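# Observations on the model geometry
Chain by chain, the residues:
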Amino acid sequence: MVKNIISLVLLIISVALNVRHSWNTFNYKGNPESVKAMADLGIGESAVPFLGALALLIAVLLLIPRTFFLGNLLNAFVIVLIMSLALRAGNYKMALFEIPFLAMPLIMIGLGYPFKK
């Protein structure tokens, strides 16, 4: 029971973060800090819609029981990608900041889908 509650809370947080990240990615021109951060990471303007769509896809995949594992796997992959781009750019603070967000999909994989019987 406790395992399911923890998994549900992590699922809600992860879906909310991915939807928020997707929304912010699609509206990146209104946020100069976001534009600067993406430029520092070496992410071109042509890749921005792809990243927004990928974040939205991850949120949807997390909600479906059969694609829960795939959603978490893609989520972890994107976080590792961001961490590696930050390390390549010399931004160690951003890479360290992503560690808890990397742990979340890995923990969710271990706990499993919360509504699975």
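All values derive from a computational prediction rather than experimental measurement. (Residues numbered from 1 in each chain as written. Predicted model: local features only at pLDDT ≥ 70, side-chain atom pairs only at ≥ 80, totals over all residues. Heavy atoms only, no water.)

## Section: a nonpolar patch on the surface
The criterion, for reference: Patches were defined on residues exceeding 30% relative accessible area and lacking a salt bridge, with like-charge contacts within 9 Å and nonpolar side-chain contacts (Val, Leu, Ile, Met, Phe, Trp, Tyr) within 5 Å. Residue-level accessible areas treat just the shown protein chains as cover; the underlying method is Shrake-Rupley with a 1.4 Å probe. We define a salt bridge as a side-chain nitrogen of Lys or Arg found within 4 Å of a carboxyl oxygen belonging to Asp or Glu. Per the convention used, a helix needs a DSSP run of H or I reaching at least four residues, while a strand needs a run of E reaching at least two, with both numbered from the N terminus. For every residue, the accessible area obtained with a 1.4 Å probe (protein chains only) is divided by the maximum for its type, and the residue is called buried under 20%, exposed over 50%, and partly exposed between those limits.
A grouping of Met1, Ile5, Val9 and Ile13 is seen on the molecular surface, where their side chains present a nonpolar patch of about 410 Å² in accessible area. You can see Ile13 is positioned in helix H1 (residues 2-26). In this structure Ile13 comes out as partly exposed when scored by relative accessible area, which is 38%.

## Side note on helix H2 (residues 32-41)
As a reminder, the rule being used: The directions from the helix axis to the C-beta atoms are what the arc is built from.
Inspection of H2 places Ser34, Met38 and Leu41 among the buried residues, and these make up the whole buried set. Angular distribution of buried residues about the axis of H2 spans 60°; they occupy a single face of the element. Every exposed residue of H2 that faces more than 90 degrees away from the buried side is listed here: Pro32, Glu33, Lys36 and Ala39. Note on H2: the residue one or two positions beyond its end, Gly42, has a positive phi of about 85°.

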